[in-house]
Amino acid sequence: MQTLSENICFGGVQGVYTHRSKACQTDMTFGLFLPEEAKLGPVPVLWYLSGLTCTHENAMTKAGAQGWAAEQGIALVFPDTSPRGEGVANDEAFDLGQGAGFYVDATQEPWSEHFNMWSYVSEELPALIAANFAVDMDRQGITGHSMGGHGALTLAMGLPGRFASVSAFSPICNPTASDWGRKQLTAYLGADEATWAEHDASLLMERQGFDGPMLIDTGTSDQFLQLLRPETLAMAAATRRQQGSIRMQPGYDHSYFFVQSFMEDHIAFHAEALYGV
């Protein structure tokens, strides 16, 4: 692992690091914010998964999360959204290939060699961070925006017991029935739709739900609302009587201005769960 930068931020440290990934077979970069409390011992961790076209940097610089995390004494992890680099498969479209990993382990060529973001985010990166930084992996929460919200929800439900809390901003809720999903799941996992169900938050909610609190925010003026399909997750959660809150925020769109506006709510929500463990 190499340190690319470290900056004092709200009394803590915002770092950017790179390492060779076995899961993705290329160099991967991530951001990590450690609050001042990490100087004294391990702190809880909140994962933030970003959306289409983003890198580790978008949320790190635009979400306004570090100040609220510092107030709560929580570390923030900002992974990249896909493998990158020379020899890594890509596509001309913005919603497939580099910048669009969809947090799955690809089984289809040419994606399967590098596009293993599920394994990277769920196994390799947590192990690397735990071995090198003062974080408490027994106290983890997860959140994300758009494609990252999809990843946060599917990881939280797909890894029972891992996360104390889950939240999302404008998540892709039902990718098996959306153009933001069917295209990518076909490319990465193949045409057999039975293999897609593990990566659809609405289907996972119907089948098993999440054993903990959940918070979802989506704007009523989100320009991608028809692709996100929040109503499918809301119906599944209501049928299951899932603990949590699914909120439609009047007038807000899909941008980081929206994410910033509700970041305090989300970090406070996770802090309550993480410090209650």
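Bear in mind that the values here come from a model prediction, so they are computed numbers and not experimental data.

A. How the structure looks around the overall build of the protein chain. Counting secondary structure elements, the protein chain contains nine helices and nine strands. For the protein chain, whose C-alpha radius of gyration is 17 Å, the value lies close to the compact-globule estimate of 19 Å for 277 residues. Sorting the 277 residues of the protein chain into buried and exposed places 60% on the buried side. Taking as baseline every contact in the protein chain between residues at least 6 positions apart, the subset at least 24 positions apart corresponds to 72%. If you sum the accessible surface of the protein chain, you get close to 11100 Å²; carbon and sulfur atoms cover 49% of it. Computed over 14 positive and 32 negative side-chain charges, the inter-centroid distance for the protein chain is 3 Å.

B. Local environment of the pairing of strand β1 (residues 2–9). Two strands pair when backbone bridges link them, and β1 and strand β2 (residues 12–21) are joined in this way by seven bridges, in the antiparallel orientation. Paired with Cys9 across the strands is Gly12, a residue of β2.

C. Seen up close, the environment of Leu228. Here Leu228 is to be found in helix α7 (residues 225–228). Taking the C-alpha atoms as reference points, Leu228 and Trp180, separated by 48 residues in sequence, lie 7.7 Å from one another. Setting aside residues up to four positions removed in sequence, Leu228 forms contacts with Ser170, Pro171, Ile172, Cys173, Asn174, Trp180, Thr218, Asp222 and His254.

D. Here's a closer look at the side chain of Asp222. Structurally, Asp222 is set in the loop between β8 (214–219) and α7. Although Asp222 lies buried, it forms no salt bridge, and the closest oppositely charged side chain, Arg229, sits 13 Å away as judged by the N-O distance. Of the polar contacts made by the side chain of Asp222, one reaches the backbone nitrogen of Phe224; its length is 2.7 Å. Residues contacting Asp222, with those up to four places away along its chain left out, are Ser170, Leu228, Tyr252, Asp253 and His254.

About the thresholds
Residues numbered from 1 in each chain as written. Predicted model: local features only at pLDDT ≥ 70, side-chain atom pairs only at ≥ 80, totals over all residues. Heavy atoms only, no water. Helix = DSSP H or I, 4+ residues; strand = E, 2+ residues; numbered from the N terminus. Rg over C-alpha atoms; globule rule 2.2 N^0.38 Å. Buried < 20%, exposed > 50% of the residue type's maximum accessible area, 1.4 Å probe, protein only. Contact = heavy atoms within 4.5 Å. Areas by Shrake-Rupley, 256 points an atom, 1.4 Å probe, with all protein chains shown as cover. Lys, Arg positive; Asp, Glu negative; His and termini not counted. Charge placed at Lys NZ, Arg CZ, Asp CG, Glu CD. Pairing = 2+ DSSP bridges. Salt bridge = Lys/Arg side-chain N within 4 Å of Asp/Glu carboxyl O. Polar contact = N/O pair within 3.5 Å; in protein donor to acceptor, adjacent residues only side chain to side chain.

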